[in-house]
Amino acid sequence: RLCVVGEGPEASSLTQQVERHGIEREVELRDFVPAAVLDQKMAEATLVVQPSAREGYGMVVVEAAAHGVPVVVAEAPDNAAAELVASGENGLVSAATPAALAEAILAVCRDGAVSRGSASAWYARNRERLSIESSFAILLKAITA
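This is a predicted model, so every value here is computed, not measured.

Colleague: What is the right way to look at the sheet that holds strand β7 (residues 91-95) in this model?
Modeller: Strands in a sheet are paired, the pairing made by backbone hydrogen bonds, and the direction either parallel or antiparallel. Strand order in the open sheet formed by 3 strands is β3-β5-β7, and the pairing between neighbours is parallel. Sheet topology places β3 (48-50) and β7 at the edges, where each strand pairs with a single neighbour. Pairs of neighbouring strands in the sheet enclose a mean axial angle of 20 degrees, with direction left out of account. Across 5 bridges, the pairing between strand β5 (residues 71-75) and β7 is parallel. The residue bridging Ala74 from the neighbouring strand is Ser94, located in β7. Each of β3 and β5 is contacted by helix α3 (residues 59-66), which is oriented at about 160 degrees to β5, the strand it contacts most. The sheet strands contacting helix α4 (residues 98-111) are β3, β5 and β7, and the helix crosses β7 at an angle near 165 degrees.

Shown next, in the form of structure tokens:
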């Protein structure tokens, strides 16, 4: 089962493709959802896929890891989310093509519980460094230097 959350420039095209292929029962398309719903969806997920070529920070990677959920992200020059993925630990970084993303998704699905465990371990090792407090301390140091 696939759940797509959010609405981007491809939302209309995605809806049309789901309808054309008759996979409405397998694919759940959601606009933006309340934080509690997103939190529940993420906790239940086998993996999170962030295929965007442009991502300013990649908070979804941190949020997924906090739930012990591995991620698949697209490698692209403007995708900062890829910098947060240690391939094989908290997910995989994939070439930004449909075939490569599909292979990465299948690889994480085949790995199952090992990926969840390693994503949790990655988060435990990195949560302090990625905290809002740590980010503010870095910013404060940069602007007062």
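Colleague: Would you take a moment to explain the pairing of strand β1 (residues 2-5) for this structure?
Modeller: As judged from the 4 bridges shared by β1 and strand β2 (residues 27-30), these two strands associate in the parallel manner. Bridge assignment links Val5 to a residue of β2, and that residue is Arg30. Note that the unit made of β1, helix α1 (residues 11-21) and β2 has a crossover that is right-handed.

Colleague: Would you take a moment to explain the pairing of β5 for this structure?
Modeller: The side chains of a regular strand alternate between the sheet's two faces. By the criterion of burial, β5 is predominantly enclosed, with 4 of the 5 residues buried. Judged from the 3 bridges that link them, β3 and β5 form a sheet pairing that is parallel. From the neighbouring strand, Gln50 faces β5, where its bridge partner is Val73.

Colleague: Would you mind going over the side chain of Ser134 with me for this structure?
Modeller: Locating Ser134 in the fold gives a position in helix α6 (residues 132-144). Judged by its relative accessible area of 17%, Ser134 falls in the buried class. From its side chain, Ser134 meets the backbone oxygen of Arg129 in a polar contact 3.2 Å long. The contact partners of Ser134, leaving out residues within four places of it in the chain, are Glu128 and Arg129.

Colleague: I tried to follow the environment of Glu28 on my own but got confused; where do I start?
Modeller: One can find Glu28 in strand β2. Separated by 26 residues in sequence, Glu28 and Leu2 place their C-alpha atoms 6.1 Å apart. Sequence-distant contacts of Glu28, that is, excluding residues within four places in its chain, are made with Arg1, Leu2, Cys3, Val4 and Lys41. Within the structure, the side chain of Glu28 is placed 3.1 Å from the side chain of Arg30, a separation counted as a polar contact.

Scoring rules and cut-offs
- Residues numbered from 1 in each chain as written.
- Predicted model: local features only at pLDDT ≥ 70, side-chain atom pairs only at ≥ 80, totals over all residues.
- Heavy atoms only, no water.
- Pairing = 2+ DSSP bridges.
- Helix = DSSP H or I, 4+ residues; strand = E, 2+ residues; numbered from the N terminus.
- Axes fitted to C-alpha atoms, helices over the stretch in contact; angles between N-to-C directions.
- Contact = heavy atoms within 4.5 Å.
- Right-handed = clockwise from strand over helix to strand, strands pointing away.
- Buried < 20%, exposed > 50% of the residue type's maximum accessible area, 1.4 Å probe, protein only.
- Polar contact = N/O pair within 3.5 Å; in protein donor to acceptor, adjacent residues only side chain to side chain.

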